[in-house]
Amino acid sequence: MNIRNILSLSAIALTSTVVSLGIGRIAYYWLPTQATAESRLIDDVISFLISIGSFIFLGVIGVLIYSLVLHRADNFDITDGSPIDGNITLEIIWTAIPIFLVFWIAGYSYQIYEGMGIQGKETFTQSHILTDEQVTENTTQNQDAATNKHDV
């Protein structure tokens, strides 16, 4: 690779990074107003996911445009490209990057989930225990309300 190609790809990577971080910050304005304390954490996850998605999108589009502009075939060239087969390094890289991204997103999402302090169904227990007198009183009131409803 010559210096021109390296500089072009570096410019694409830098531009994609800066623009995707900007899109991630703009994503906060796409969301509704915050109604709970945890909504800020959820907004952070959504902004993070939008930043990653826009980086991938802009990176692919940038490399596509780079390839179209700088690596065109000559006029009247009808030959096939060179056959590339068995590039193990490339295959490992394009398998490892998505795996890394999935684990990174899952780890960050779980960290936010833990930060929200959600405990699950076990925390929703009745903290007020009724006495027998209160149960009888509530039952009587419910029966009286049902009787009055039928009388009307």
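How each quantity is defined
Residues numbered from 1 in each chain as written. Predicted model: local features only at pLDDT ≥ 70, side-chain atom pairs only at ≥ 80, totals over all residues. Heavy atoms only, no water. Helix = DSSP H or I, 4+ residues; strand = E, 2+ residues; numbered from the N terminus. Buried < 20%, exposed > 50% of the residue type's maximum accessible area, 1.4 Å probe, protein only. Contact = heavy atoms within 4.5 Å. Areas by Shrake-Rupley, 256 points an atom, 1.4 Å probe, with all protein chains shown as cover. Phe/Tyr/Trp six-rings, centres within 6.5 Å; stacked < 30°, edge-to-face > 60°. Lys NZ or Arg CZ within 6 Å of the ring centre and 35° of its normal. Axes fitted to C-alpha atoms, helices over the stretch in contact; angles between N-to-C directions. Parallel < 35°, antiparallel > 145°, perpendicular 65-115°, else oblique. Nonpolar A, V, L, I, M, F, W, Y, C, P; charged D, E, K, R; others polar. Expected span 1.5 Å × (residues − 1).

### Notes on the overall build of the protein chain
In step 1: Broken down by element type, the protein chain carries 4 helices and 0 strands.
In step 2: Its helices and strands taken in sequence order, the protein chain reads α-α-α-α from the N to the C terminus.
In step 3: The proportion of buried residues among the 152 residues of the protein chain is 13%.
In step 4: Taking the intrachain contacts of the protein chain between residues at least 6 apart in sequence as the baseline, contacts between residues at least 24 apart amount to 72%.
In step 5: Total accessible area on the protein chain stands at roughly 12800 Å², and carbon and sulfur atoms take up 64% of it.

### Details of the packing of aromatic side chains
In step 1: Taken as a whole, this structure holds 4 aromatic pairs when the rule is applied.
In step 2: Relative to Trp-104, the ring of Phe-48 lies with its centre 5.1 Å away and its plane at 80°, an arrangement referred to as edge-to-face. Here Phe-48 is found in helix H2 (residues 39–70), whereas its partner Trp-104 is found in helix H3 (residues 88–116), with 56 residues between them in sequence.
In step 3: Between the aromatic rings of Tyr-110 and Tyr-113, the centroid separation amounts to 6.0 Å while the plane-to-plane angle is 35°, which identifies the pairing as tilted. Here Tyr-110 and its partner Tyr-113 are both found in helix H3, 3 residues apart, which amounts to about one turn of the helix.
In step 4: Given the relative accessible area of 37%, Tyr-113 is considered partly exposed.
In step 5: An aromatic cluster is built from Phe-48, Phe-100, Trp-104 and Tyr-108, whose rings are joined through pairwise contacts.
In step 6: Over the ring of Tyr-28 we find Arg-40; its NZ or CZ atom is 4.8 Å from the centre of that ring.

### Considerations on the packing of H2 against H3
In step 1: The interhelical angle for the contact between H2 and H3, taken along N-to-C directions, is 170°, at an axis separation of 9 Å. Between H2 and H3, the interaxial angle falls into the category roughly antiparallel. On H3, the residues that touch Leu-41, Ile-42, Asp-44, Val-45, Phe-48, Leu-49, Ile-52 and Ile-56 of H2 are Leu-101, Trp-104, Ile-105, Tyr-108, Ser-109, Ile-112, Gly-115 and Met-116.
In step 2: The class makeup of the residues in the contact of H2 with H3 is 13 nonpolar, 2 polar and 1 charged.

### With respect to H2
In step 1: For H2, with 32 residues, the first-to-last C-alpha span of 46 Å sits near the 46 Å given by 1.5 Å per residue.
In step 2: Within H2, burial applies to Ser-39, Asp-43, Asp-44, Val-45, Ser-47, Phe-48, Ser-51, Ile-52, Ser-54, Gly-62 and Tyr-66.

### What to know about helix H1 (residues 3–30)
Every α-helix winds through 3.6 residues per turn, so residues three or four apart in the chain are directed the same way.
In step 1: Over its 28 residues, H1 runs 40 Å from end to end, which matches the ideal 40 Å to within 8%, given 1.5 Å per residue.
In step 2: All buried positions along H1 are accounted for by Asn-5, Ile-12, Ser-16, Ser-20, Gly-24 and Ala-27.
In step 3: Buried positions along H1 lie against H2.

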